[in-house]
Amino acid sequence: MRRAVVLVLVGMLVLVGVPFLGACGGDEKDAANTRAASATAPPGEPIVIRSALIVAAEEGSEPIATGTILEGSTLGGTPFCAGGTILESHASLDPKMKPYLIDRKITCPDGTMRIGRTPEVGAEPSPQGQTPQRGVWTIVSGTGEFEGLGGSGKSEAVYGPNPSSPVRETLTGTVTR
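What counts and how
Residues numbered from 1 in each chain as written. Predicted model: local features only at pLDDT ≥ 70, side-chain atom pairs only at ≥ 80, totals over all residues. Heavy atoms only, no water. Helix = DSSP H or I, 4+ residues; strand = E, 2+ residues; numbered from the N terminus. Disulfide = S-S within 2.5 Å. Buried < 20%, exposed > 50% of the residue type's maximum accessible area, 1.4 Å probe, protein only. Phe/Tyr/Trp six-rings, centres within 6.5 Å; stacked < 30°, edge-to-face > 60°. Salt bridge = Lys/Arg side-chain N within 4 Å of Asp/Glu carboxyl O.

Asker: What should I look at first to understand the environment of P166 in this one?
Answerer: Structurally, the position occupied by P166 is in the loop between β9 (150-158) and β10 (167-176). Sequence separation between P166 and I54 is 112 residues; the distance between their C-alpha atoms is 5.0 Å.

Asker: Sorry if this is basic, but what is going on with the state of the cysteines here?
Answerer: Each disulfide consists of a covalent bond between the sulfur atoms of two cysteine residues. Across all of its chains, the model carries one disulfide by this definition. C81 shares a disulfide with C108; S-S distance 2.0 Å. The S-S bond linking C81 to C108 shows a torsion near -110 degrees; that makes this disulfide left-handed. In this pair, C81 sits in the loop between β4 (78-79) and β5 (85-90) while C108 sits in strand β6 (residues 102-108), placing the two residues 27 residues apart along the sequence. C108 carries the same exposure label as C81, and that label is buried.

Asker: Is there a simple way to think about the packing of aromatic side chains in this case?
Answerer: Between two aromatic rings, the relevant description is the distance of the centres plus the angle of the planes. Throughout the structure, instances matching the rule amount to one aromatic pair. When the centroid spacing of 5.6 Å and the interplanar angle of 65 degrees are considered together, the rings of F80 and F146 count as edge-to-face. In this pair, F80 sits in the loop between β4 and β5 while F146 sits in the loop between β8 (132-142) and β9, placing the two residues 66 residues apart along the sequence.

Asker: Looking at this structure, how should I read the pattern of salt bridges?
Answerer: If charged atoms from side chains of opposite charge come close, those side chains can pair. Scanning the entire structure with this criterion turns up eight salt bridges. Of the charged contacts in the structure, one is a salt bridge between R104 and E88, with a shortest N-O distance of 2.7 Å. Linking R104 in strand β6 with E88 in strand β5, this pair joins segments that are 16 residues apart in sequence. Residue R104 shares its accessibility class with E88, and that shared class is buried. D94 is the salt-bridge partner of R114, the closest N and O atoms lying 2.6 Å from each other.

Read these as geometric descriptors, not functional statements.
Written out as structure tokens, the structure is:
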């Protein structure tokens, strides 16, 4: 009789335990599904770089422009390099920048970022007033916190009322690590 009770208890444990083991197995399966779901999510983080630039007075000058990164710039929703400096040169000066027109180096406290820019070139050599100049940009390289960072996006620059006015530019896009 005792043996029958033990067998019944073992049978009950097996019947009750199997669903719990299945639930544990389901967690691993769910984890695999979670990984699969995250792999299909859009890669990268949004980036917004706001800047004020002073363009060289003479066409063909080197550097082309200098400037600063403005507050409100973000990388992945966190502040990005406010107060950092910008130095723009002609991309033709460096063979690896050949696909671009402008070589932009941004220097921040935690590293540098090099961006290749290609503005749309219209009939006017340099737009004036509130007419925006659009273009595209690509991260070419980085150091420090920006090493291994990649990404690209669009740019829009608004020129001031006269040639010596600062140019306000915003770069928007996506970066990946």
